[in-house]
Amino acid sequence: MAEHLEPAADQAARNPIRHIGESAEYRAARQALLIEEIELKRHIERVAEQRRALPPGAELGQAYSFVAEDGRSVTLEELFGPHQTLVVYSYMLGPQRKAPCPMCTSFMSGMEHVVPDLQQRVGIAFTARSPIERLIEWKEKRGWVHMPIYSDVSGDYTRHWVHPEDADVPAYNVFTRRDGRIRHFWGEEMTEADPDQDPRGAIERNPLWLVLDSTPEGRDPKWRPRLSY
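Our subject in this report is the structure included herewith. Everything numeric here is computed off the predicted structure, so don't read it as measured data. (Residues numbered from 1 in each chain as written. Predicted model: local features only at pLDDT ≥ 70, side-chain atom pairs only at ≥ 80, totals over all residues. Heavy atoms only, no water.)

**Considering helix H2 (residues 24–52)**
- With 29 residues, H2 ought to run about 42 Å at 1.5 Å a step, and its terminal C-alpha atoms sit 42 Å apart, in line with that.
- Residues Arg27, Gln31, Leu34, Ile38, Arg42, Ala48 and Arg51 constitute the buried set of H2.
- Packing partners of the buried residues in H2 comprise helix H1 (8–13) and strand E7 (181–187). (Helix = DSSP H or I, 4+ residues; strand = E, 2+ residues; numbered from the N terminus. Expected span 1.5 Å × (residues − 1). Buried < 20%, exposed > 50% of the residue type's maximum accessible area, 1.4 Å probe, protein only. Contact = heavy atoms within 4.5 Å.)

Spelled out as structure tokens, the structure:
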């Protein structure tokens, strides 16, 4: 894709936007930033293309089971619904926690209203290790309506696809179902934060941070959202 694109500087040079009262210094700095923003957009797409081109991942060796909100036992394959792709987010609400992780909760709150849109394209599920009754309790406290939550009671899925020692950590995994075979497609593997940064993955999905990244204050690595206001 990149070889067919004009230089970002040439595209930025056609930017017609000017703001009343802005200085020449501001405009020069803003144009330089625009070039970087164009390059960032292109780099994000290059990474997405590279991700889509991954070879087939590991085939799942067992049928993982979860407890649904109505108490039924459902398999991971059932979570696909009619789709060939399944997104599973494992959030931090293990039996040892008094309350869910604020960061996981913020992310899920941002996803709540787009779940119906996503379900037109992919299967999606949010899992945690606590009993389903506890997951439902916190779902109701947050006012989530669309969020499909499931309890990984046995911990088999968590130990295989989140943490081998069943640690209370988040995970984002994507699975595919092709020709009757379920495979792991992609999962977040960025486990370390850069100096003076809050832990984050390669893909930012939380609108909270996307908005804060556009402000002069930016993110505060020591700040966390609250569970209630």
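**Re the nonpolar core**
- With 27 residues, the main nonpolar core has Tyr89, Tyr91, Met108, Phe126, Leu135, Met147 and Ile149 as its most contacted residues.
- Those elements that place two or more of their residues in this core are strand E3 (85–90), helix H4 (102–111), strand E4 (123–128), helix H6 (132–142) and strand E6 (171–178).
- Per-element tally for this core: the top contributor is H4, with five residues.
- Discounting residues that sit within four places of it in the chain, Ile149 has contacts with Val67, Ala68, Glu69, Tyr91, Phe126, Ile132, Leu135, Ile136 and Lys139.
- One finds Phe80, Leu86, Ala171 and Ile182 within the second-largest nonpolar core, a separate group that totals 18 residues. (Core = buried A, V, L, I, M, F, W, Y, C linked by side-chain atoms within 4.5 Å.)

**Thoughts on the packing of aromatic side chains**
- In the structure shown here, the tally under the stated rule is seven aromatic pairs.
- Taken together, a centroid distance of 5.5 Å and an interplanar angle of 90 degrees make the contact between Trp161 and Phe175 edge-to-face. Here Phe175 lies in strand E6 and Trp161 lies in helix H7 (residues 156–161), a separation of 14 residues in the sequence.
- An aromatic cluster of at least three residues, connected via ring pairs, comprises Tyr64, Phe66, Tyr157, Trp161 and Phe175.
- Positioned over the ring face of Trp186 is Arg51, at 4.9 Å from the centre of the ring.
- Directly above the ring of Trp138 sits Lys141, whose terminal nitrogen or CZ lies 4.2 Å from the centroid. (Phe/Tyr/Trp six-rings, centres within 6.5 Å; stacked < 30°, edge-to-face > 60°. Lys NZ or Arg CZ within 6 Å of the ring centre and 35° of its normal.)

So far we have only geometry, and geometry alone does not tell us how the molecule works.
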